Amino acid sequence: MSKELVQLDQVIIRFAGDSGDGMQLTGDRFTSTTAAFGNDLSTLPDFPAEIRAPAGTLAGVSAFQLHFADHDIMTPGDSAHVLVAMNPAALKANLKDVRRGGDIIANTDEFTKRNLEKVGYHASPLDDGSLDSYKVHPIALTSLTVEALKDFDLGKKEAERAKNMFALGLLSWLYHRPSDGTIEWLTGKFGKKPEILRANIAAFEAGWSYGETTEEFSVQYEVRPAAQPPGTYRNISGNLALAYGLIAAGQCAQLPVYLGSYPITPASDILHELSKHKRFGVTTFQAEDEIAGVSAAIGAAYGGALAVTTTSGPGLALKSEAIGLAVSLELPLIIVDVQRGGPSTGLPTKTEQSDLLQAMFGRNGEAPVPIVAPRSPSDCFDSAIEAARIATTYRTPVFILSDGYLANGSEPWLVPDADELPEFPVTFATELNHTDADGKQEYWPYKRDPHTLARPWAVPGTPGLEHRIGGLEKADGSGHIAYDAANHDLMVRSRAAKVAGIDIPLLDVDDPDADATLLMLGWGSTYGPIGVACKHARRAGLKVAQAHLRYLNPFPANTGEVLKRYQHVIVPEMNLGQLAMLLRAKYLVDVISFTQVRGMPFKSDELLQAIEDVLANGADK
Amino acid sequence: MSTDSIPALSLVPKTEGKQSAKDFKTDQEVRWCPGCGDYAILAAVQGFLPELGLARENIVFISGIGCSSRFPYYMNTYGMHSIHGRAPAVASGLAMSRPDLSVWVITGDGDALSIGGNHLIHALRRNVNIKILLFNNRIYGLTKGQYSPTSEVGKITKSTPMGSLDYPFNPVSVALGAEATFVARTVDSDRKHLTEVLRAAAEHEGTALVEIYQNCNIFNDGAWEPLKDSDVRDDVTIRLAHGQPIRFGANGEKGVARMPDGTVQVVTVEEVGAQNLLIHDAHAHDPGVAFALSRLSDPVSLQDTPIGIFRDVPRASYDRLLREQLAEARETQGVGDLGALLRGNDTWTV
């Protein structure tokens, strides 16, 4: 039976089910197929902190949203065209994010009286007319899967577990996705368990056939590949890109990479990934706590490694004192903070940008640390290399502020040529660098480079350059303990001047006709939603400029000038206005802070609304 | 002494010339209080290091915070005065990434057992190739005289005017409980014993903990006096020597024996017979007897305090195993190819 094939320019699908239903896996797999097909895409996993919350409850709902298109896209999308709801909880938790007229594929096997009551449905929403404004497809996904697998040597539970592959097969048919990649992937995953492998393939194919042969779906959709610059692509998440960036940075700096870390959501994947790459000379150390993680990294940095520590907000709080030590020692150190909702334990699996001020100021004393913030999952790769460049050139700790959305979200990545990466090989000090009053040659560990203000880096094992460093204030030059006031004033100002003088590019402004009155200025992972909002605003005839800060410390030299160029500056942030506070304090510009802390990325519609509101009321501002 | 055959030091480059204690002194003025026990320890370390014949630039001293932690400034080697309690972690990171270094940690009873307790126990169980010298003076000196985690119960200090309430740690017992492979105790004023213990620690592969009873003559003067006073010390101190019967007392009249109920106790030789004294076995795999020995001393009177090497057993160091994994990964998978890594297995071409 041949069905009508409808062309779409973009689709947003959300898979939702219980934590144990395999929704992240299903979403990942659909993403890989879609990436390989050539669509541009962006993903948003959304899962609870509990590994297995009680089955069927709202707390246990795990979802994965995928936006794919035949054109360049920047976000996982505001609301879904299709929701796959594996149970009533998944429907209830996600219905608000499905657009009216959208498709809902519901697993009717789970819409039992008990499951409905668990989430407060008195009658099944599939039958009571409450979903009349959606296209509902009630399908018994579990029993269809079990039926399809009845000839396999599997228990009922095992057979039921394959229902996510049935759903994947159905969606793959519906959106005309090639199935070879999935079968290849299943073979890789279950190659050693032939019965499970065959069952999963059978469930996938049963889902596919269900779409093709039943009358539930009258049309099939197709989203053509997007036009992208030529090259080799892969799909990549932020955490993976960051891990690869750190490995690459080791090669750029020609230093062995050393990671001292303690597991914490959502940063642990970087530790997991780096631990796999020992053949690149990468050492990973799972320490007894966050403090030991960063302290060990400082020890490795003293020994001449490209030292890294990875964490999230609560871990960063614990590392504060040691980061201050790294500031005082003036040793290179990369601190990766994959931000999550706070304060305290907060929302471990949800995204937020609320550690900016902690990174900026969260240490005792005047302890400036450069901050780099990636704007997209793939940008995490470049940010890691850039952080390493700054850390090694200026002998300073450097923050990379990623967040939960970047960490777990993914997008296609034009794979860079490994031979074309920047090179910044480190030269360790090997010679005496100072002559004392008696004409004696000495080594001065705090004799600064006049251009970068960086101090020399002499590693243990270098004969003649033995020296002691520490957290006590040091005499300018000699590095000996020094308590005198004038020297302390000089050292505090020298460390500040060194960071303030870091060579970074100017802030780039996207103002197509150079006539905008409003600037949207963001940082970090809000780049995508802000970009979409600006695009839509321009389509509606509004004059909007966009700029995005990759460097939060120091700010690009032209930041003040850019801010003053626009009548209105909106600063959207997933915190309560931390960047806005810094900008106001430094540049005396009354930026408009637009904030949200819902654990999820901005929706571009909300940002568009903010633009419209400001432009409509702008005269009163 | 040749260190080539000692696994713990075989990767550390040797000096070509002859060294003396003077080579290990810096031009920095030593700023401990006059009469502080730290001076004796500094002199012992500077006097003993030339014996190892290691290249001076390949020796690193890392400390935390406290009086003892100023130590690295006075050693003409590489050194870092880090932050409170974290020296074992800093040193672990350095030792893991640099097998060619001899890495020493200088810490005190507050630094190692209070704020840094977690790092200490994990360093010990992990067995990274670092040597920890724990200067125990049973008081906080640098903060001017509060009780420490090794102070006896009821200690009257600035922060405990009615006497301290918490029960003290016995650092040797803690270390043995933390799976340490080398645990020893010595006294600042006994240069010969201190040197012997330091030498054994240096030769040990993995983490070595050396507790050094050190006198703070300003805030806790005489804390270890019974072990130093020539009139009583032989009666109080049990000197442990591997392979020797554990016997002490001014006339060797006392000893340590295993009792019929399984406990290890101080006895008189006359009572049990010299042939029934316990033979000290520092290499025993089971730490049980070493632990029992660590419990003999009275925390207040110090009666029956063992000094010497409680435990010295072989176990591959963490950093050696780590290097072996890195080498194995390269052997079995080949040296990493960055281009291949970045491309991965699932690419498409536009």
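Residues numbered from 1 in each chain as written. Chains lettered and ligands numbered in written order. Predicted model: local features only at pLDDT ≥ 70, side-chain atom pairs only at ≥ 80, totals over all residues. Heavy atoms only, no water.

J.: I keep staring at helix α8 (residues 194-213) of chain A and nothing clicks. Help me out?
T.: In an α-helix there are 3.6 residues to a turn, and that puts residues three or four apart on one side. All names here are of chain A. Compared with an ideal rise of 1.5 Å per residue, which puts 20 residues at 28 Å, α8 spans 28 Å between its outermost C-alpha atoms and is within 8% of the ideal. Taken residue by residue, α8 has L197, A199, N200, I201, A202, A203, F204, A206, G207, Y210 and G211 as its buried positions. Residues of α8 that are buried sit in contact with β7 (135-139), α4 (141-148), α6 (163-174) and α7 (180-190). (Helix = DSSP H or I, 4+ residues; strand = E, 2+ residues; numbered from the N terminus. Expected span 1.5 Å × (residues − 1). Buried < 20%, exposed > 50% of the residue type's maximum accessible area, 1.4 Å probe, protein only. Contact = heavy atoms within 4.5 Å.)

J.: Help me understand the nonpolar core in this model?
T.: One broad trend across soluble globular proteins is that nonpolar side chains are buried collectively. Residue and element names in this part refer to chain A. Counting residues in each nonpolar core, the largest one holds 161 residues, and the members touching the most others are I334 and L521. Counting only domains with at least three residues in this core, you end up with domain 2 (234-420) and domain 3 (509-617). Look past the residues within four positions of L521 in its chain and what remains in contact with it is L507, A547, H548, L549, L563, V569, I570, V571, P572 and L583. Core analysis: the second largest hydrophobic core is formed by 46 residues, A167, A206, Y221 and V223 among them. (Core = buried A, V, L, I, M, F, W, Y, C linked by side-chain atoms within 4.5 Å. Domains from an automatic or database assignment.)

J.: Would you take a moment to explain the sheet that holds strand β3 (residues 102-108) of chain B for this structure?
T.: Through backbone hydrogen bonds, the strands of a sheet pair up, either in parallel or in antiparallel fashion. The strand order β19(A)-β2(B)-β1(B)-β3(B)-β4(B)-β8(B)-β7(B)-β13(B)-β9(B) describes an open sheet built from nine strands, whose pairing is mixed. Of all strands in the sheet, those bounded by a partner on one side alone are β19 (468-470) of chain A together with β9 (237-239) of chain B. Pairwise comparison of adjacent strand axes, ignoring direction, gives a mean angle of 20° for this sheet. Taken together, the six bridges between strand β7 (residues 182-187) of chain B and strand β8 (residues 208-213) of chain B define a ladder with parallel strand orientation. Its bridge partner being in β8(B), T186(B) is matched across the sheet by I212(B). (Pairing = 2+ DSSP bridges. Axes fitted to C-alpha atoms, helices over the stretch in contact; angles between N-to-C directions.)

J.: What am I meant to see in the environment of L168(A) here?
T.: All names here are of chain A. Its location among the elements puts L168 in helix α6. You can call L168 buried: its relative accessible area is 0%. Spatially, the C-alpha atom of L168 lies 57 Å from that of P456, the residues being 288 residues apart in sequence. With sequence-adjacent residues up to four places away left out, L168 is seen in contact with T26, R29, F30, T182 and F204.

J.: Help me understand the packing of aromatic side chains, please; the structure alone is not making it clear to me.
T.: Aromatic ring pairs are defined here through the distance separating the ring centres and the angle between the ring planes. Across all of its chains, the model carries 21 aromatic pairs over all chains by this definition. Note on F68(A) and Y175(A): the rings are 6.0 Å apart at their centroids and 90° apart in plane angle, and the pair reads as edge-to-face. With F68(A) in strand β4 (residues 61-69) and Y175(A) in the loop between α6 and α7, this residue pair connects regions lying 107 residues apart in the sequence. F68(A) sits in the buried class, given a relative accessible area of 0%. Plain terms: the ring middles of W32(B) and Y39(B) are 5.7 Å apart, the flat faces sit at 85° to each other, and that makes the pair edge-to-face. By the ring-pair criterion, three or more aromatic residues cluster together here, those being W32(B), Y39(B), F48(B), F61(B), F71(B), Y74(B), W104(B) and F135(B). Residue placement shows R375(A) over the ring face of Y527(A); its charged tip is 4.2 Å from the ring centre. A cation over a ring is seen here: R455(A) above Y446(A), with NZ or CZ 4.7 Å from the ring centre. (Phe/Tyr/Trp six-rings, centres within 6.5 Å; stacked < 30°, edge-to-face > 60°. Lys NZ or Arg CZ within 6 Å of the ring centre and 35° of its normal.)

J.: I'm lost on the domain arrangement of chain A in this one. Help?
T.: It is common to report an interface's size as the accessible area lost on association of the parts. Residues and elements named next belong to chain A. Parsing chain A into structural domains produces domain 1 (4-223), domain 2 (234-420) and domain 3 (509-617). One C-alpha centre belongs to domain 1, the other to domain 2; they are set 34 Å apart. Domain 1 puts 16 residues into the contact, and the matching count from domain 2 is 10 residues. A buried area of about 900 Å², summed over both sides, lies between domain 1 and domain 2, and 56% of it is on carbon and sulfur atoms. Inspection of the domain 1/domain 2 interface yields one salt bridge. With a closest N to O distance of 2.4 Å, K350 and D46 form a salt bridge. (Buried area = accessible area lost by both parts, 1.4 Å probe. Salt bridge = Lys/Arg side-chain N within 4 Å of Asp/Glu carboxyl O.)

J.: Looking at this model, I keep getting lost on the packing of helix α9 (residues 238-253) of chain A against helix α14 (residues 379-394) of chain A. Mind explaining?
T.: Pairs of packed helices are described in terms of their axes, by the angle between the two and the distance that separates them. Residues and elements named next belong to chain A. One can describe the packing of α9 onto α14 by two numbers: an axis separation of 7 Å at closest approach and a directional angle of 40°. Taken as a pair, α9 and α14 cross one another with a handedness that is right-handed. Residues G238, A241, L242, Y244, G245, L246, A248, A249, C252 and A253 of α9 touch α14, and the partners they reach there are C380, F381, A384, I385, A388 and T392. Among the residues forming the contact of α9 with α14, the class breakdown is 13 nonpolar, three polar and no charged. (Left-handed = near helix turned anticlockwise from the far one by under 90°. Nonpolar A, V, L, I, M, F, W, Y, C, P; charged D, E, K, R; others polar.)

J.: Can you walk me through unusual backbone geometry in this structure?
T.: Excluding glycine, most residues fall at negative phi; most peptide bonds, likewise, are trans. All names here are of chain A. The step from T265 to P266 runs through a cis peptide bond, and the omega angle for that step is 0°. Among the secondary structure elements, P266 is positioned in the loop between β10 (257-261) and α10 (268-275). Residue N553 is joined to P554 through a cis peptide bond whose omega torsion reads -5°. Here P554 lies in the loop between β23 (551-553) and α18 (559-565). Even without a glycine there, the phi angle at Q254 is positive, about 55°. Checked against the element boundaries, Q254 lands in the loop between α9 and β10.

J.: Could you clarify how one ought to interpret the side chain of E222(A) in this entry?
T.: All names here are of chain A. By secondary structure assignment, the location of E222 is in strand β8 (residues 219-223). On the basis of relative accessibility, which here comes to 14%, the residue E222 falls in the buried class. For E222, the contacting residues outside a window of four places in its chain are L5, V6, Q7, L8 and H176.

J.: What should I look at first to understand empty space enclosed by the protein in this one?
T.: Unoccupied space between atoms shows up once a probe the size of one water molecule is rolled over them. All names here are of chain A. On inspection of all chains with the given rule, the structure shows three cavities of 30 Å³ or more. Computed from the structure, the largest cavity encloses a volume of approximately 90 Å³. In terms of lining, the largest cavity is formed by L44, P45, D46, T349, K350, T351, G404, Y405, N408, G599, M600 and P601. Counting only elements with at least two residues in the lining of the largest cavity, the list comes to β3 (40-46) and α15 (404-408). Here the lining of the largest cavity is built from residues that sort into five nonpolar, five polar and two charged. As for the second largest cavity, its lining consists of V327, E330, P368, T396, P397, R495, K498 and V499. Top element by residues in the lining of the second largest cavity is helix α16 (residues 485-500). It accounts for three residues. When grouped by side-chain class, the residues that make up the lining of the second largest cavity number four nonpolar, one polar and three charged. (1 Å grid on protein atoms, 1.4 Å probe; cavity = no way out; pocket = protein on both sides within 12 Å on 5 of 7 lines; lining within 4 Å. Points joined across faces, edges and corners; volume = space filled by probe spheres on them.)

J.: Please explain the sheet that holds strand β9 (residues 232-237) of chain A as it appears in this structure.
T.: If you walk across this open sheet you meet the three strands as β16(A)-β9(A)-β14(B), and the pairing is antiparallel. The sheet is open, and its two edges are formed by β16 (410-414) of chain A together with β14 (347-349) of chain B, each paired on a single side. When the angles between neighbouring strand axes are averaged without regard to direction, this sheet yields 35°. Pairing analysis gives five bridges linking β9(A) to β16(A), with the strands arranged antiparallel. Bridge pairing in β16(A) places S237(A) opposite S410(A).

J.: What's the story with the pairing of β7(B) in this structure? I'm lost.
T.: On any regular strand, side chains alternate: one points to one face of the sheet, the next to the other face. All names here are of chain B. In terms of burial, β7 is largely enclosed, as six of its six residues are buried. Residue alternation in β7 divides its side chains into two sets, F182, A184 and T186 and V183, R185 and V187, and both sets are buried. Between the parallel elements β7 and β8, the chain passes through helix α6 (residues 191-203) in a crossover that is right-handed. Examined bridge by bridge, β7 and strand β13 (residues 305-312) share four bridges and lie antiparallel to one another. (Right-handed = clockwise from strand over helix to strand, strands pointing away.)

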